[in-house]
Amino acid sequence: MTPEKVIGALGLPGDAVQPRRVPKKMLSENIASSSDRRLVTEGVEEITWVATLKPSNCGIAGFTDGERTYEELAVLSLSMRPQGKADRLMELVHRAIPYPVLLVCEQAPRLCLSLAHKRWSQAKAGNWVMDGDLTIAEMGDGTPPAVVEGFLEALPLARQAAESLWTVYEGWMETVVAYRAAMITGVFSRATTPRDAQARHEALDACARLEAEMKALRTAARGETQLRRLVDLNVKLKQLEAEYAALRKRL
């Protein structure tokens, strides 16, 4: 999998695609912390602003309500050095760009597509802030080909709800959530209603929490020397595994 293949799967209109390199200095100017600016300097190989979707070049209306304005969507690619802290750098890019961003990040053999909603800051007029955590699809050598195929087929702009640029971005986020679910179930399928999408998102978050708890229990069990304590850990682990299996059916 390559960034070019993922970006190509978006099916963006030609007028929207005008690739240009973003100097790291320009990105750093929008990052407050000196330690974060150092992460950019040391970890980023190259940043490219690939495309900008606007009503004038894609025929899809912008969106404005009391909390946010989605008049432009930015598509960027980020090439990382091996020592780069990918998760933090993806977040910094999303925070630094004053538009909703679809970011394709490559740190071989890892390739990620990330999105994050934004809204107006309540603390400082005219500023944007992220509205929630990053939603990330991570692809690597072990990703089942059928899952990747389903994901790429669901990405094109033409397959997103075209009421506004907000619904387009929501569609891409739902596609990423479907990908994360498919990495657990082995089957890629998009939610059919917003309610189903929200339920799946919540089930995924719960699965992630249980996975972390089960990992901690297994680690503790391997180091436990007292039989009674080991039995208690295994009982708790079985309970969590049952909860996980039930959640998996909701994905």
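In the block above lies the structure referred to throughout.
Residues numbered from 1 in each chain as written. Predicted model: local features only at pLDDT ≥ 70, side-chain atom pairs only at ≥ 80, totals over all residues. Heavy atoms only, no water.

A. Summary view of the packing of aromatic side chains. Under the criterion given, the structure shown has seven aromatic pairs. When the centroid spacing of 5.2 Å and the interplanar angle of 65° are considered together, the rings of Tyr70 and Trp166 count as edge-to-face. Of this pair, Tyr70 sits in strand β4 (residues 69–70) while Trp166 sits in helix α7 (residues 165–185), and the two are 96 residues apart along the sequence. With a centroid separation of 6.0 Å and 80° between ring planes, the pair formed by Tyr70 and Tyr169 is classed as edge-to-face. Taken together, the positions of Tyr70 in strand β4 and Tyr169 in helix α7 put the pair 99 residues apart, joining distant regions of the chain. There is no split in this pair, since Tyr70 and Tyr169 are both buried. (Phe/Tyr/Trp six-rings, centres within 6.5 Å; stacked < 30°, edge-to-face > 60°. Helix = DSSP H or I, 4+ residues; strand = E, 2+ residues; numbered from the N terminus. Buried < 20%, exposed > 50% of the residue type's maximum accessible area, 1.4 Å probe, protein only.)

B. Main features of α7. Taking 1.5 Å of rise per residue, the 21 residues of α7 would be expected to cover 30 Å, and the 30 Å separating its terminal C-alpha atoms lies within 8% of that figure. Between the side-chain oxygen of the N-cap and the backbone nitrogen of Trp166 there are 3.2 Å, and the N-cap of α7 in question is Ser164. Positive backbone phi, approximately 85°, marks Gly186, located one or two places after α7. (Expected span 1.5 Å × (residues − 1). Polar contact = N/O pair within 3.5 Å; in protein donor to acceptor, adjacent residues only side chain to side chain.)

C. Structural detail: the nonpolar core. Of all hydrophobic cores here, the largest spans 38 residues; its most connected members are Leu53, Phe151, Leu155 and Trp172. Those elements that place two or more of their residues in this core are α1 (3–9), β2 (44–53), β5 (73–80), β6 (101–107), β7 (110–115), β10 (135–139), α6 (145–154) and α7. No other element matches α7, which puts nine residues into this core. The residues touching Leu53, leaving out its near neighbours within four places in the chain, are Leu12, Pro13, Ala16, Cys58, Glu71, Glu72, Leu73, Leu157, Leu165 and Trp172. Of all hydrophobic cores here, the second largest spans 26 residues; its members include Ile31, Leu76, Val93 and Leu134. (Core = buried A, V, L, I, M, F, W, Y, C linked by side-chain atoms within 4.5 Å. Contact = heavy atoms within 4.5 Å.)

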